[in-house]
Structure formats: structure tokens, C-alpha cells
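What the coordinates show
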Amino acid sequence: MDKSKRLFLKSKRSFRKRLPPIQSGDRIDYRNMSLISRFISEQGKILSRRVNRLTLKQQRLITIAIKQARILSSLPFLNNEKQFKRSGSTTRTTGLRTKNK
């Protein structure tokens, strides 16, 4: 076989079959926090279907369950813990500001 023809042939790799992220016995529900937390990023965003490897129907059910959990306050809308932490030495200026002429 010529080198030019060999370049276009795909290599035959054996792929390991990945396990589905949601097992058949798992219920997609807003109360199942261990399942829901797997499909949320560190920032609190819902991960995409491509990242999750879910079917369209499963992704819709996960999205609805996450939104219900957020409304019922069992899940935060945002996960910005770093934003609210204060550093030790912050000084506040109190009083009236004066204009420099």
C-alpha cells in the first residue's frame, strides 16, 4: 500500500465503553442531591449535555430538578464563596468627602 493511501485510513482503536452517568435505578428528583450535584459546575452552573454524556430526556429532567432545588433553597443559585470572604485588614473611610480645588 502506498504511503499516500495509508494516511487516509483510520486507525482502529478499541474504545472502552463508558458507563452511563445515571444508572437505571436512579431517580432524577430535586430531593436527590447526590445525583444533582454531579451535574453542576463549581460555579453553580448546569453542565452541558456533551460534558455530562446524558440523553436529551435525561438532561431536561436534570435541568428541571436543579431549578426546583434552587427555588426550594436546597441548592444555591450561585456558588461564589470567594467573593464574600473578606481580607483581614480593610479600612473604611467615614465622614464627608471634601472637594479639592
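Heads up: these notes are all about the structure in this document. Within any chain, residue numbers begin from 1 and follow the written order of that chain's sequence. A pLDDT threshold of at least 70 governs which residues receive local features in this predicted model, and a stricter bar of 80 or more applies before side-chain atom pairs are shown or counted, although totals over entire chains, interfaces and linings include all residues. Processing note: side-chain calculations cover all non-hydrogen atoms of the structure and skip hydrogens and water entirely.

A few points about the overall build of the protein
For the protein, the count of helices and strands is 5 helices and 0 strands. Along its sequence from the N terminus, the protein presents helices and strands in the succession α-α-α-α-α. Residue burial in the protein is summarised as follows: out of 101 residues, 18% are buried. Only heavy atoms matter for contacts: two residues are in contact if any of them lie within 4.5 Å across the pair. In the protein, the share of contacts with a sequence separation of at least 24, taken over all contacts with a separation of at least 6, comes to 48%. Reported accessibility uses the Shrake-Rupley method at a 1.4 Å probe radius. Residues are deemed covered only where the shown protein chains occlude them. Carbon and sulfur atoms make up 53% of the accessible area of the protein, which totals about 10000 Å². Strands are runs of DSSP state E lasting at least two residues, helices are runs of H or I lasting at least four, and both sets are numbered from the N terminus onward. Buried residues are those whose accessible area, probed at 1.4 Å on protein chains only, stays under 20% of the maximum for their type, while exposed residues exceed 50% and partly exposed ones sit between those limits.

Quick look at the environment of Val51
As for its position among the elements, Val51 is in helix α3 (residues 49–52). The spacing of Val51 and Phe39 is 12 residues in sequence and 8.9 Å in space, taken between C-alpha atoms.

Section: unusual backbone geometry
Residues apart from glycine generally show negative phi values, whereas peptide bonds are mostly found in trans. Backbone geometry places Arg53, a non-glycine residue, at a positive phi of 60°. Residue position: Arg53 is located in the loop between α3 and α4 (56–71).

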